[in-house]
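# Overview (structure and organization)
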Amino acid sequence: MAGLIARRARRQRVFRWAVVLVLGVFFLLPLIAMVEFSTRDGAQAWRLLVDWPQLSETYPDLATGIVASLGQAVLTALLMLALLVPTTVWVRLRLPGLRRLIEFICLLPLTIPAIVLVVGLAPVYAWVTYFLGGSSLTLTFAYTILVLPYAYRAIDAGLSAIDVKTLAEAARSLGAGWGTVMWRVVLPNIRSAVLSAAFLTVALVLGEFTIASLLNRDNLQVAINLLGKSSATMSVAVSLAALLLAFVLLLLLSLFGGRRKAAE
Amino acid sequence: MADVVDTPDLAAPGPEIRAGRRVLITRARSLLGTVPFFAYVVTFLVIPTLVVVIGAFTGDGGFTPANVRALGNAYILDAFARSILLSLVTAAIGAILGALLAYALVTAKPGGVLRRVVTAASGVLAQFGGVTLAFAFLATIGLSGFVTVFLKDRLGFDLYANGVWLFELPGLMLVYTYFQVPLMVIVFLPALDGIRPQWREATESLGGSTWQYWTRVAGPLLAPAFLGAMLLLFANAFSAYATAAALVSQGNPIVPLQIRSALTSEVVLGQQNLGKAMALGMVLVVAVVMALYALLSRKTARWLA
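Definitions and cut-offs
- Residues numbered from 1 in each chain as written.
- Chains lettered and ligands numbered in written order.
- Predicted model: local features only at pLDDT ≥ 70, side-chain atom pairs only at ≥ 80, totals over all residues.
- Helix = DSSP H or I, 4+ residues; strand = E, 2+ residues; numbered from the N terminus.
- Rg over C-alpha atoms; globule rule 2.2 N^0.38 Å.
- Buried ≥ 20, exposed ≤ 12 C-beta atoms within 10 Å, placed from the backbone.
- Contact = placed C-beta atoms within 7 Å.
- Axes fitted to C-alpha atoms, helices over the stretch in contact; angles between N-to-C directions.
- Parallel < 35°, antiparallel > 145°, perpendicular 65-115°, else oblique.
- Nonpolar A, V, L, I, M, F, W, Y, C, P; charged D, E, K, R; others polar.
- Domains from an automatic or database assignment.
- Expected span 1.5 Å × (residues − 1).
- Bend = angle between axes of the 7 residues up to and from the residue.

Quick look at the overall build of chain A now. Looking only at helices and strands, one finds 13 helices and zero strands in chain A. In chain A, the order of α-helices and β-strands from amino to carboxyl end is α-α-α-α-α-α-α-α-α-α-α-α-α. Compactness check: chain A gives a C-alpha radius of gyration of 23 Å against a globular reference of 18 Å for 264 residues, more than 25% above the reference. By principal-axis analysis of the C-alpha atoms, chain A measures approximately 75 × 70 × 35 Å. Taking all 264 residues of chain A together, 40% fall into the buried category. Counted over contacts in chain A with a minimum sequence separation of 6, partners at least 24 positions apart contribute 78%.

Structure follows, in structure tokens:
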């Protein structure tokens, strides 16, 4: 029996390393190729990337795209929080019967492909343009819908971990208004969930292409795609930089998530 | 005065009714708190969906089945067939490779470095789609890509001897696999973690072999989870647009790209609503897949919660 188990452990180890090695090559190769490709004519592209004035002069479209994407990311995170946090807290406190409905609505965008959403959004955005102008920042409205499933799950998990009702009642009985309950009681208690939701939002918005491209707005991905037609080296360098940024964001996210789990 | 005595209910409601009305008012006031959320969702999610559904059945002069009937055109049917083929193949490859990788992780030490690194990397790579992924593959196996050049110069092997397949369906399959495998790892790992070592020990103590364990115990237990994950992968590939859009600039082999051309070309009158009909077709396919997924995940939860 002991021999059998040892033999199985050995076989599993061989299997494990074979699988990890083969798939590791498949997954690392494109990343290595990006490094090689973007440094073919020296580190020029990379030097340009860290030199903002030079970059915005050489590739104005790219600079516009980066600024637009950052603006969209911040605005989407704020709008998402302003929309989701009060609503989910309110529903937990006063309308528990509506929770399933809210959850269903928030997860709905998962089943509607972005390419389908953009078809229906075109007429809605005709009105948005009419009222607010054609700025790329208006994409915030569509992006808030796109991030709803991910943000909802993060915030809902955070709220489930604390007893919102008792906290709110305690605060109310001490004379706090609803504003105080939200800002000074509930929010500090779900800080890490809010951070998770915000990180996910930023990562998703920075990677969005479909809606921006088809509604003729600017963002980072649209700019990279455009750049690919004129300067292949630069576009690969920017792609890799964007990927690394997303990597760092999501790594931070998993660190926060890990710490929350450890604290529980 | 007499009136008041005759109909006390009208002038002064009874205590229960008054309480009932107060509950109603509080409820209405509570509902007010959710108005911003619902108003937002109606404007940017419900209305767009309705635009697609209604638009698919309307033309210039009101209701018309013409758009939906146009879905029967050979080129649109072909696009749907290719989309489904692409999603099926990448879901199958992704599911098998992802399951193997997930199993490799399960046999490793639970809190070990390998498992932590691979899970974290999978989380990132599953989100890694779109333009950046397309460019990553252009840098790898594009016409002057790293691997293409290496193979040609060092080994004398021409990757594209039989034509450039990167910008067609086989290329899309390869590129899509890149985000399907990590997604499978994330989705399937919890199910594999639910398998208890005791079940294997029980099989062995009853004289079962490894083969019997996998075909009679672990296989049937994992099958719903595996199929469910595969459906999720299918939906994921079916609705992907950005990667294909950045990679394929000539021709529109798959449905999302057909929708792009319907949206951007205003040459043909009525194309806009054809796009809506195709969008509706996509929603229907995804809805069926997701409904099956929900059904399967309920089945999975019974054993591997």
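Next comes the rest of the description.
On to the packing of helix H8 (residues 130-141) of chain B against helix H9 (residues 146-155) of chain B, then. All names here are of chain B. As a packed pair, H8 and H9 sit with axes 3 Å apart at the nearest point and diverge in direction by 10 degrees. Relative to H9, the element H8 lies roughly parallel. The residues of H9 that touch H8, namely those facing Ala139, Thr140 and Ile141, are Phe146, Val147 and Thr148. Across the contact of H8 with H9, the residue classes break down as four nonpolar, two polar and no charged.

Turning our eyes to something else, we now look at the domain arrangement of chain A. Residues and elements named next belong to chain A. The domain boundaries assigned to chain A delineate domain 1 (2-38) and domain 2 (60-263). Placing a centre on the C-alpha atoms of domain 1 and another on those of domain 2 gives a separation of 35 Å. Counting from both sides, the interface comprises four residues of domain 1 and, opposite them, five residues of domain 2. In terms of residue class, the side of domain 1 that touches domain 2 is made up of three nonpolar, one polar and no charged.

Once that is clear, we can look at the domain arrangement of chain B. All names here are of chain B. By domain assignment, chain B separates into domain 1 (14-56) and domain 2 (73-303). The C-alpha-based centres of domain 1 and domain 2 are spaced at 39 Å. In the side of domain 1 that touches domain 2, the residues fall into three nonpolar, one polar and no charged.

All names here are of chain A. Compared with the 27 Å implied by 1.5 Å per residue over 19 residues, the 23 Å span of helix H6 (residues 114-132) between its first and last C-alpha is markedly short. Taken as a whole, H6 carries its principal kink of about 45 degrees at Ala122; the proline Pro123 stands between one and four residues after it. Buried within H6 are the following residues: Ala114, Ile115, Val116, Leu117, Val118, Val119, Gly120, Leu121 and Tyr125. Positive backbone phi, at 90 degrees, marks Gly133, one or two positions downstream of H6.

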